[in-house]
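Listed below, chain by chain, are the residues.
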Amino acid sequence: MTSQRICLIGGSGFIGRHLAAQLASRGHRLTIASRRPALPGFRVLPSAELVSADIHDPAQLAKLVDSHDAVVSMVGILHGSRAQFEKAHAQLPEKIVAACLQQNVRRLLHISALGAAQDAPSDYQQTKALGELAVESSGLDWTILRPSVVFGRDDAFLNMFAGLQKLLPALPLAGAGCKMAPVWVEDVARAACECLARKETVGKKLDLAGPEIHTLADLARLAGRASGHPRPVVGLPDSLAMLQATLMEWLPGPTLMSRDNVRSLQWDNVSDQPFPSALLGFEPAALSALAPGWLAGRGRNDTASRYRAKAAR
């Protein structure tokens, strides 16, 4: 694949940081939109330019995507009101499509989420589905990736469970029986790179599910064991889970669980499709082969202190 100019919208997030590194290593020139003037990690990428822009403003968005070969749309929020979810997950993809059409940027890669559906139980899932619909009906050369829960050394998922179990005598857990197929962040980034390199992925919606299925309780227990602080994991009935989430929404610091998150956990986050290895050219890594190693060090040393610091703000 020849060098391209690629615009990353949402590129400062967890997946975006890993995708930027992989695209840069393949020789691509990147434009990364951010409201923040500086982002740790991107300064070491000589081919990446950070641009301050309001991505929700159509004029600024059109200027941002101009003269690029491809755009990657990956903005997502986990917590918020229905209006906030619609703004990020539905209205923004519509604006990105409009900007691409205006500037004649044909290639659009959209990173959505496994479980996105208009009849899903949560606002998160429903609005993700609306974003997919905007992309599918765009007339552009689009590809949609739908990852299951994404894990990695610097995630806010397994590390959260490790940190909480260092602090708490037991872990009360909403959606404990929800099944997930965790996928490694580096594999999601690689899948995105391969989609941009392979014309045969145009017009396809691809589920990215890892090779193992775990319940949420399994994952919490794995994080506790690997970080050296195993605690009893207590599954909560729906009524108590919603009460717990309501309280967490009002606590200071980052929201660890919201009522919309609890509703999302009513659906298993797995796919009836195998990982598209034949199309993308690689097999995904298993969580059990990767996560215990980094949790053994990072989970013990800095996760709990990081969450304490956030809660104190």
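Cut-offs applied
All residue numbers here refer to positions counted from 1 along the written sequence of the relevant chain. Side-chain atom pairs in this predicted model are given and counted only at pLDDT of 80 or more, local residue features only at pLDDT of at least 70, and totals for whole chains, interfaces and linings cover all residues. Heavy atoms from the whole structure form the basis of all side-chain values; hydrogens and water molecules are not counted. For the purposes of this entry, the term helix denotes a DSSP run of H or I that reaches at least four residues, the term strand denotes a run of E that reaches at least two, and both are numbered from the N terminus. Within these notes, the globule rule equals 2.2 Å times the number of residues to the 0.38 power, and the radius of gyration is based on C-alpha atoms. For every residue, the accessible area (1.4 Å probe, protein chains only) is compared with the maximum for its type, and the residue is labelled buried under 20%, exposed over 50%, or partly exposed between those bounds. In what follows, residue pairs with any heavy atoms lying within 4.5 Å of each other are defined as contacts. The Shrake-Rupley method, run with a 1.4 Å probe, gives the accessible areas here. Residue values count only the displayed protein chains as cover. Note that His is not counted, nor are the chain ends; the positive residues are Lys and Arg, and the negative ones are Asp and Glu. Charge positions come from single atoms, namely NZ of Lys, CZ of Arg, CG of Asp or CD of Glu. A pair of Phe, Tyr and Trp rings is counted when the ring centres sit within 6.5 Å of each other, with Trp represented by its six-membered ring. The angle between the planes then sorts it: under 30 degrees is stacked, over 60 is edge-to-face, the rest tilted. Here the term patch refers to residues with relative accessible area over 30% and no salt bridge, with like charges joined within 9 Å and nonpolar side chains (Val, Leu, Ile, Met, Phe, Trp, Tyr) within 5 Å. What counts as a salt bridge is simple: a side-chain nitrogen of Lys or Arg found within 4 Å of a carboxyl oxygen of Asp or Glu. Among buried residues, those of type Ala, Val, Leu, Ile, Met, Phe, Trp, Tyr and Cys that are joined through side-chain atoms within 4.5 Å constitute a nonpolar core. When DSSP finds two or more bridges between a pair of strands, those strands are recorded as paired. Interaxial angles span 0 to 180 degrees and are taken between N-to-C directions of axes, which are lines fitted to C-alpha atoms, for helices over the stretch in contact.

Participant: Whenever I open this one, the overall build of the chain confuses me. Can you help?
Facilitator: Tallying secondary structure elements over the chain gives twelve helices and 13 strands in all. For 313 residues, the compact-globule estimate of 2.2 N^0.38 gives 20 Å, and the C-alpha radius of gyration of the chain, at 19 Å, lies within 12% of that figure. In the chain, which comprises 313 residues, the proportion classed as buried is 52%. Considering only contacts in the chain between residues 6 or more positions apart, those separated by 24 or more positions represent 78%. Counting only carbon and sulfur atoms, one obtains 54% of the accessible surface of the chain, whose full area is about 13,800 Å². For the chain, the centre of its 34 positive side-chain charges and the centre of its 28 negative side-chain charges are spaced 7 Å apart.

Participant: Can you walk me through the packing of aromatic side chains in this structure?
Facilitator: For any pair of aromatic rings, geometry is given as the distance between the ring centres together with the angle between the planes. All told, the structure shown has four aromatic pairs when counted by the stated rule. Measuring from centroid to centroid gives 6.1 Å for Phe151 and Trp294, while their planes differ by 25°, and the two rings are stacked. Taken together, the residues Phe151 in strand S7 (residues 150–151) and Trp294 in helix H11 (residues 287–301) connect sequence positions 143 residues apart. Taking relative accessible area as the criterion, Trp294 reaches 6% and is therefore assigned buried. Relative to Phe161, the ring of Phe157 has its centre 5.5 Å away and its plane inclined at 65°; by these criteria the two rings are edge-to-face.

Participant: I tried to follow a nonpolar patch on the surface on my own but got confused; where do I start?
Facilitator: Residues Leu240, Leu243 and Leu247 make up a contiguous nonpolar surface patch of about 290 Å² in total accessible area. Within the secondary structure, Leu247 sits in helix H8 (residues 238–250). Judged by its relative accessible area of 54%, Leu247 falls in the exposed class.

Participant: Whenever I open this one, the nonpolar core confuses me. Can you help?
Facilitator: In summary, soluble globular proteins display a tendency toward joint burial of nonpolar side chains. In terms of nonpolar packing, the biggest core is built from 34 residues, with Leu8, Leu19, Leu30 and Val72 touching the most fellow members. Elements supplying a minimum of two residues to this core: strand S1 (5–9), helix H1 (14–25), strand S2 (29–34), strand S4 (70–73), strand S5 (107–111), helix H6 (185–197), strand S11 (204–208) and helix H10 (277–280). With eight residues, the top contributor of residues to this core is H6. Excluding residues that lie within four positions of it along the chain, Leu8 makes contacts with Gly16, Leu19, Ala20, Leu23, Leu30, Thr31, Ile32, Ala33, Val72 and Met74. One finds Leu158, Leu216, Ala226 and Val262 within the second-largest nonpolar core, a separate group that totals 32 residues.

Participant: For this particular structure, what's the right way to read the sheet that holds S11?
Facilitator: Pairing between sheet strands relies on hydrogen bonds along the backbone, with the strands arranged either parallel or antiparallel. Sheet architecture is open: seven strands sit in the order S3-S2-S1-S4-S5-S6-S11, paired in parallel fashion. Strand pairing shows two members of the sheet lacking a second neighbour, strand S3 (48–52) and S11, which therefore form its edges. Adjacent strand axes in the sheet meet at a mean angle of 20° when their direction is disregarded. Strand direction decides the pairing type here: S2 and S3, joined by five bridges, are parallel. Its bridge partner lying in S3, Ser34 is registered against Ser52. This element, helix H2 (residues 58–65), spans S1, S2, S3 and S4 of the sheet and lies at about 150° to S1. Its contacts with the sheet put helix H4 (residues 123–136) on S5, strand S6 (141–147) and S11, and the angle it makes with S6 is roughly 160°.

Note that every value here comes from positions in space, so none of it alone points to a role or purpose.
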